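A structural walkthrough
Listed below, chain by chain, are the residues.
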Amino acid sequence: MSMFDAIRARRHTVNHMLDSSNGFWSPMEWDNLLHYEIIQNLTVTALPDIQTPLNESEGGLGWYDNINFDVRQRQGSLAKQYGVDGFIFYTTVNQKSPSMTRTVVDARVRDGEPAGPFAVMVVDDCRYDCEEPELLGTDNLIALGEWLRNITFHSDYIRVNGRPVVYIYKLGILLADGDTVARPESIRRAFSLVEKTARTPLHWIGTDTFHCLRGIPHAEKEALYKELDAWIDFAPHRGNCMTAEPLNVSPQIDTFYETFLSGWYPAPRGLTWFGSKHSAGWSGKSYRAQSKCEPKNSPVRFYEIMKEGLIRNRCRKDREGNKGGLLEDGQVWKPVSIFAWNEWGEQGVLEPSTLNGFSYLESLHQARQDAIEVNCSLYEHSYSYHF
């Protein structure tokens, strides 16, 4: 059973000051955690404890730099030990965004760590030098194709039906020059441009977030669903917290995969962004409104939903056969994804932490073992749409 996690490629750079150019805190993961204590002092009520990296002396990874070979090697070892089969690397392709997200993937291609299957998710959603989400445009799409050409040749890169897998976080901005709205023909043009530059057809997977096609009428989204090879549920931004609840999946979506949360709020990244921009009016009440998933954020709950999801996934394979495509080794491609391996800024973390130790990893490991023992012929669940 394939399981792939999103790894947030953030380097360990610490900036204790506000960026005076735009008034925002640094977007680096470690900065968000370190600034949390500062933001706590700005609120009228106490904020909850958060997860921080477990020290190396206690078996954790500590405050690390993702470029470091030893760190990535230890990440791969932990993943293998506890049942994570591979990684989906977050990356940005807009040339104005920091290149560090691509640098981590380049390092993975060069030295093989963290070991195991991998692919990339293109996440360009205005987190850097822009006021509103920007269309990628022709130059960025060509740059994406050139970069994919350099990384997808690797023997560990995930291929479905012989084509390298690429996840798209916001389909609506994947447009070439001259196109301003995502329509079937404009998406096809963008895909064709990237594939031509990459010199290979690609297996495109869209993410079902509430803003992946923001601003496009629902009726027009139906046609866009068919332009991708598959869609993946993206639990953090569907409003369903720890697990994706049943969707009214469009009949236009032929292949749909599930995602589960390793944790969620309290999220230092959201707090530092909104808190720094509106610090004069920031309060515990405002924060609690953002923390609706907090009651479900526990290793015990994580075990329960992962066991259920893994059973459902295995039984779907039995019922659906080869639907979804085949990997290079002939196995059916039916991934179960977790958000995330090390999204410290949003507290979606499998890695060992000061707050939870190894509990999330241990819960995952146990869930995988227990799910195997369930007889699919006896398994019934209200999530009938998955069957």
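These remarks concern the structure in this document. (Residues numbered from 1 in each chain as written. Predicted model: local features only at pLDDT ≥ 70, side-chain atom pairs only at ≥ 80, totals over all residues. Heavy atoms only, no water.)

1. Here's the deal with the pattern of salt bridges
Quick note on the threshold: Basic side-chain nitrogens of Lys or Arg form a salt bridge, by our definition, when they fall within 4 Å of a carboxyl oxygen of Asp or Glu. Elements are defined by DSSP. Helices are runs of H or I of four residues or more, strands are runs of E of two residues or more, and each kind is numbered from the N terminus. Whether a residue is buried, partly exposed or exposed follows from its accessible area with a 1.4 Å probe, protein chains only, as a fraction of its type maximum: under 20%, in between, or over 50%, in that order.
Counting across every chain of the model gives nine salt bridges. For arginine 74, the salt bridge goes to glutamate 56, with nearest N and O atoms at 3.5 Å. Placement of the pair is arginine 74 in helix α2 (residues 69-82) and glutamate 56 in the loop between α1 (29-40) and α2, with a sequence separation of 18 residues. Note on glutamate 56: relative accessible area 53%, which makes it exposed. Glutamate 304 is the salt-bridge partner of arginine 301, the closest N and O atoms lying 3.7 Å from each other. Taken as a pair, arginine 301 and glutamate 304 lie in helix α9 (residues 299-320) at a separation of three residues, close to a single helical turn. Arginine 301 sits in the partly exposed class, given a relative accessible area of 27%.

2. A word on the state of the cysteines
Just so we agree on the cut-off: Cysteine sulfur pairs qualify as disulfides if the two atoms are within 2.5 Å.
Throughout the structure, instances matching the rule amount to one disulfide. Across the disulfide from cysteine 315 sits cysteine 376; the S-S distance is 2.2 Å. Given an S-S torsion of about -95°, the disulfide between cysteine 315 and cysteine 376 has left-handed geometry. Here the residue cysteine 315 occupies a position in helix α9, and cysteine 376 occupies one in the segment after α10 (359-372), the gap between them amounting to 61 residues. On the accessibility criterion, cysteine 315 (1% relative accessible area) is buried. When its relative accessible area of 12% is taken as the criterion, cysteine 376 is described as buried.

3. Overview of the packing of α2 against α10
Stated precisely, the cut-off is as follows: A fitted line through C-alpha atoms represents every axis, and for helices the fit uses only the stretch in contact; the resulting angles, taken between N-to-C directions, go from 0 to 180 degrees. Angle categories are assigned with fixed cut-offs, so that under 35 degrees is roughly parallel, over 145 is roughly antiparallel, 65 to 115 is roughly perpendicular, and the rest are oblique. We call two residues in contact when some of their heavy atoms are within 4.5 Å. Polar here means any residue other than Ala, Val, Leu, Ile, Met, Phe, Trp, Tyr, Cys and Pro, which are nonpolar, and Asp, Glu, Lys and Arg, which are charged; Gly is therefore polar.
At a minimum axis distance of 8 Å, the contact between α2 and α10 shows a crossing angle of 40°. One way to sum up the angle between α2 and α10 is to call them oblique. Here α2 contributes Leu78, Gln81 and Tyr82 to the contact with α10, which in turn contributes Leu361, Glu362, Leu364 and His365. Looking at the contact of α2 with α10 residue by residue, the classes come out as four nonpolar, two polar and one charged.

4. Considering unusual backbone geometry
Cis geometry marks the peptide bond from glutamate 113 to proline 114; its omega dihedral reads 0°. Among the structural elements, proline 114 can be located in the loop between α3 (100-111) and β3 (118-122). A positive phi angle is found at asparagine 161, which is not glycine, with a value near 55°. On the accessibility criterion, asparagine 161 (48% relative accessible area) is partly exposed. Not every positive phi belongs to a glycine, and arginine 199 is a case in point at roughly 65°. Classification of arginine 199 by relative accessible area gives exposed; the value is 68%.

5. What to know about the packing of aromatic side chains
Using the following cut-off: Each aromatic pair joins two rings of Phe, Tyr and Trp (for Trp, the six-membered one) with centres within 6.5 Å, and gets the label stacked for planes under 30 degrees apart, edge-to-face for over 60, and tilted for any other angle.
One pass over the structure, following the stated rule, counts eight aromatic pairs. With centroids separated by 6.2 Å and ring planes inclined at 40°, the aromatic side chains of tyrosine 82 and phenylalanine 358 adopt a geometry described as tilted. Pair noted here: tyrosine 82 is in helix α2 and phenylalanine 358 is in the loop between β12 (348-349) and α10, with a separation of 276 residues, a long-range link. Taking the centre distance of 6.3 Å and the plane angle of 50° together, the rings of phenylalanine 87 and phenylalanine 89 count as tilted. Residue phenylalanine 87 is classed as buried on the basis of its relative accessible area of 1%. Ring pairs connect the aromatic residues Phe87, Phe89, Phe118, Tyr157 and Trp341, which therefore count as one cluster.

6. Observations regarding the environment of asparagine 150
Where we set the bar: Under this definition, polar contacts are N or O atom pairs within 3.5 Å; protein pairs additionally need one hydrogen-donor-capable and one acceptor-capable atom, and for neighbouring residues in sequence, both atoms have to be side-chain atoms.
Secondary-structure assignment places asparagine 150 in helix α4 (residues 137-151). On the accessibility criterion, asparagine 150 (47% relative accessible area) is partly exposed. At a separation of 3.3 Å, a polar atom in the side chain of asparagine 150 contacts the main-chain carbonyl oxygen of glutamate 146.

7. Concerning α4
Within an α-helix, residues lying three or four positions from one another point in the same direction, as the helix has 3.6 residues per turn. As a reminder of what qualifies: To estimate the expected span of a helix, count its residues, drop one, and scale the result by 1.5 Å.
The first and last C-alpha atoms of α4 sit 22 Å apart over 15 residues, in line with the 21 Å expected at 1.5 Å per residue. Those residues of α4 lying buried are Gly137, Thr138, Asn140, Leu141, Ala143, Leu144, Gly145, Trp147, Leu148 and Ile151.

8. Quick word on α10
In a regular helix each residue adds 1.5 Å, so 14 residues correspond to 20 Å; α10 covers 20 Å between its end C-alpha atoms and thus fits that length. Here α10 has its buried residues at Tyr360, Leu361, Ser363, Leu364, Ala367, Arg368, Asp370 and Ala371.

Interpretation note: all reported values are geometric properties and have no functional meaning in isolation.
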